[in-house]
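Residue-level listing of the chains:
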Amino acid sequence: MADLDVGDPAPQFDLPRDGGGSLSLAASAGKPVVLYFYPQDDTTSCTQEAISFSRLKPEFEKAGAVVIGLSPDSAKKHDKFKSKYDLTIDLAADEERKVIEAYHLWVEKSMYGRKYMGVERATFLIGRDGRIARIWRKVRVKGHAEAVLEAVRAL
C-alpha cells in the first residue's frame, strides 16, 4: 500500500480516549488537527513530546487547532500518563493499531541490533478540509511542537 502524502484525505478514526468517551477526526471537522503518533506512554522521548504539546496547547487553540496524541497504549494507561505529568492534550488509544496501520506507521525498527515492529514517531497536520497538509516522519522531539505550531499558524 502506498504511503500517505500531502493532499491525501486523512484516514478517519474513532478511538477510545483518556478520561472515557472517544476521539474522532470527524468531531474536529472544519478545524486543523495535529495528529501525532508516538510509541508508548511514560518513556523519555514520548513524555517530552507530550509535555511540549501540552505546554503549547493554548497557542494551538488560539490558532484554531486541535492536538491529539495517539499510541497503542490503553485509555487507562493514558489516564495515568496524563495525571503523572499534568498533560492537557487529548490522547487516543489505538490498541488494535488500526489507525496506526492506516497511517502506515507500524514499521520495522532496530535497537542494539535487534529488529522489532513498532510505531514510527510521526505527526500529521490535517487541514480544515480533512486533507493532509503536512507530514513529519521520524520526528526528533526537541523543537518539534514549536515547528508544528508554526505550520498550523501558516495554514
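The numbers attached to residues start from 1 for each chain and follow its sequence in the written order. This being a predicted model, a pLDDT of at least 70 is required before a residue's local features are given, and a value of 80 or more before pairs of side-chain atoms are given or counted; all residues contribute to the totals for chains, interfaces and linings. Values reported for side chains reflect all heavy atoms of the structure, with hydrogen atoms and water molecules removed beforehand.

Peer 1: So what's going on with the sheet that holds strand β9 (residues 132-137)? Residues and values would help.
Peer 2: Strand pairing requires that DSSP identify at least two bridges connecting the strands. Counting from the N terminus, the helices are the DSSP runs of H or I reaching at least four residues and the strands are the DSSP runs of E reaching at least two. Sheet architecture is open: 5 strands sit in the order β5-β4-β3-β8-β9, paired in mixed fashion. Since the sheet does not close on itself, it has two edges, and those belong to β5 (90-93) and β9, each with one partner. For this sheet, the mean angle separating the axes of adjacent strands, direction not counted, is 20°. In this description, contact between two residues means that some pair of their heavy atoms is separated by no more than 4.5 Å. Inter-axis angles, ranging from 0 to 180 degrees, are taken between N-to-C directions of lines fitted to C-alpha atoms, where helices are fitted over the stretch in contact. Helix α1 (residues 44-55) rests against β3 (33-37), β4 (66-71) and β8 (122-126) of the sheet, and its axis sits at about 165° to β3.

Peer 1: Before we move on, can you summarise helix α5 (residues 144-154) with the specific residues and values?
Peer 2: The periodicity of an α-helix, 3.6 residues per turn, causes residues three or four positions apart to be oriented the same way. When we look at burial in α5, the residues that qualify are H144, A145, V148, L149, A151 and V152. An end-on view of α5 places all buried positions within 160° of arc, on one side of the element. Against the buried residues of α5 lie β3, α1, α2 (57-62), β8 and β9. Accessible area is worked out with a 1.4 Å probe on protein chains only. A residue is then buried under 20% of its type maximum, exposed over 50%, and partly exposed in between. The arc under discussion is defined with respect to the helix axis, by the directions toward the C-beta atoms.

Peer 1: Describe in detail the packing of α1 against α5, supporting the description with residues and values.
Peer 2: The interhelical angle for the contact between α1 and α5, taken along N-to-C directions, is 40°, at an axis separation of 8 Å. Classified by the angle their axes make, α1 and α5 are oblique. Two packed elements cross with a definite hand, and for α1 against α5 that hand is right-handed. Mapping the contact onto sequence places E49, S52, F53 and R55 in α1 and H144, A145, E146 and V148 in α5. Residue polarity follows a fixed list, in which Ala, Val, Leu, Ile, Met, Phe, Trp, Tyr, Cys and Pro are nonpolar, Asp, Glu, Lys and Arg are charged, and the others, Gly among them, are polar. Looking at the contact of α1 with α5 residue by residue, the class counts come to 3 nonpolar, 2 polar and 3 charged. For classification purposes, an angle smaller than 35 degrees is called roughly parallel, one larger than 145 roughly antiparallel, one from 65 to 115 roughly perpendicular, and anything else oblique. Handedness of a crossing is defined here by the sense of rotation of the near helix relative to the far one, left-handed for an anticlockwise turn of less than a right angle and right-handed for a clockwise turn.

Peer 1: An account of the layout of surface pockets is needed here, citing residue identities and associated values.
Peer 2: We place a 1 Å grid over just the protein atoms. Points where a 1.4 Å probe fits but has no way out form a cavity, open points with protein on both sides within 12 Å along at least 5 of 7 lines form a pocket, and any residue with an atom within 4 Å of a point lines it. Grid points are joined across faces, edges and corners, and a volume is the space filled by probe spheres set on the points. There is about 570 Å³ of room inside the largest pocket. Forming the boundary of the largest pocket are 20 residues, of which P39, K109, Y116, V119 and R121 lie nearest the centre. Those elements that provide at least two residues to the lining of the largest pocket are β6 (106-111) and β7 (114-119). Element by element, the count of residues in the lining of the largest pocket is highest for β6, at 5 residues.

Peer 1: Before we move on, can you summarise the pairing of β5 with the specific residues and values?
Peer 2: Because side chains alternate across β5, one face comprises the buried residues D90 and A92, and the other comprises L91 and A93, equally buried. Pairing between β4 and β5: 4 bridges, direction parallel. Bridging across to β5, I68 finds its partner in D90. For the segment spanning β4, helix α3 (residues 75-85) and β5, crossover handedness is right-handed. Whether a crossover is right-handed depends on one test, that the path from the first strand over the helix to the second runs clockwise when the strands point away from the viewer.

Peer 1: A description of the packing of aromatic side chains should follow, citing residues and the corresponding values.
Peer 2: How two aromatic rings sit relative to each other is given by the distance of their centres and the angle of their planes. For Phe, Tyr and Trp, rings pair up if their centres lie within 6.5 Å, where Trp contributes its six-membered ring, and each pair is then called stacked (planes under 30 degrees apart), edge-to-face (over 60) or tilted (otherwise). Scanning all chains against the criterion turns up 8 aromatic pairs. Geometrically, the ring pair formed by F37 and F124 is edge-to-face, given 5.9 Å between the ring centres and 80° between the ring planes. On the criterion of sequence distance, the pair formed by F37 in strand β3 and F124 in strand β8 is long-range, its members being 87 residues apart. Of the residues examined, F37 reaches a relative accessible area of 0% and is grouped as buried. Ring pairing ties together the aromatic residues Y36, Y38, F53, F60, F81 and Y85, which thus form one cluster.

Peer 1: Tell me what's going on with the environment of D8, and back it up with residues and numbers.
Peer 2: By secondary structure assignment, the location of D8 is in the segment before β1 (14-16). Looking at D8, the relative accessible area reads 27%, which means it is partly exposed. Leave out the neighbours within four places in its chain, and D8 touches D3, G130, R131 and I132.

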